[in-house]
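This is what each chain is made of:
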Amino acid sequence: VQLQAYGGGLVQTGGSLKLSCTASGIHVRLYDMAWFRQAPGKEREFVAVITMMTGSTNYVDAVKGRFTFSKDNSKNTVYLQINSLKPEDTAFYFCAAQLPRDPKNYEAVGTYNYWGQGTLVTVSS
């Protein structure tokens, strides 16, 4: 199983990027897919999830209204459109896959079965 994340880069404050994560070895349509991020010296934190059952999305408050999570099952790929970037968005962004579970827990790092390698987003002020 491999999750290949890409699309990061250096952008100015207010800019946009679209991150992608392509899976091999699993079908994203069968997993709850998430994005996490980890800034230097900080713990990895939950950013957003798109659920397997309904395709609904949930976001951490800090990114609501700026980030949009989507997926294309035919391409086995999920996307994170990030707009209105702020310096505090600077981090490595990781995609992750979680088999649907009960009770739901989208924010805990330890509940995910597979992780991508991360793509770096740097926002200059």
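Notes on the structure follow. (Residues numbered from 1 in each chain as written. Predicted model: local features only at pLDDT ≥ 70, side-chain atom pairs only at ≥ 80, totals over all residues. Heavy atoms only, no water.)

**Here we look at the pairing of strand β1 (residues 2-6)**
Here β1 shows a clear split, with Leu3 and Ala5 buried on one side and none of Gln2, Gln4 and Tyr6 buried on the other. Alignment of β1 against strand β3 (residues 17-24), held across five bridges, turns out to be antiparallel. Counted as the bridge partner of Gln4 is Thr22 from β3. (Buried < 20%, exposed > 50% of the residue type's maximum accessible area, 1.4 Å probe, protein only. Helix = DSSP H or I, 4+ residues; strand = E, 2+ residues; numbered from the N terminus. Pairing = 2+ DSSP bridges.)

**Overview of the nonpolar core**
Across soluble globular proteins, nonpolar side chains show a tendency to be buried alongside one another. Counting 30 residues, the largest nonpolar core has Met33, Trp35, Phe69 and Leu80 as the members making the most contacts within it. Put simply, the parts of the chain that give this core at least two residues each are β1, β3, β4 (32-38), β5 (45-50), β7 (67-72), β8 (77-82), β9 (91-98) and β11 (119-124). Setting aside residues no more than four positions away along its own chain, Phe69 makes contact with Met33, Ala34, Trp35, Ala48, Val49, Ile50, Thr57, Tyr59, Val78, Tyr79 and Leu80. Of all hydrophobic cores here, the second largest spans seven residues; its members include Ala34, Ala96, Tyr106 and Tyr112. (Core = buried A, V, L, I, M, F, W, Y, C linked by side-chain atoms within 4.5 Å. Contact = heavy atoms within 4.5 Å.)

**Some words on the side chain of Thr119**
Mapped onto the elements, Thr119 comes out in strand β11. You can call Thr119 buried: its relative accessible area is 9%. Here Gly8 takes part through its backbone nitrogen, which lies 3.0 Å from a polar atom of the side chain of Thr119. With residues up to four places along the chain from it excluded, the contact list for Thr119 reads Ala5, Tyr6, Gly7, Gly8, Leu19, Ala91, Phe92 and Tyr93. (Polar contact = N/O pair within 3.5 Å; in protein donor to acceptor, adjacent residues only side chain to side chain.)

**What about the sheet that holds β1?**
Spatial ordering of the open sheet is given by β1-β3-β8-β7, a layout of four strands whose pairing is antiparallel. With one partner strand each, in any of the chains shown, β1 and β7 form the two edges of the open sheet. Each strand axis lies, on average, 15 degrees off the axis of its neighbour in the sheet, ignoring direction. (Axes fitted to C-alpha atoms, helices over the stretch in contact; angles between N-to-C directions.)

**What to know about the environment of Phe36**
Within the secondary structure, Phe36 sits in strand β4. Each C-alpha atom of the pair Phe36 and Ala108 lies 9.9 Å from the other, and the pair is 72 residues apart in sequence.

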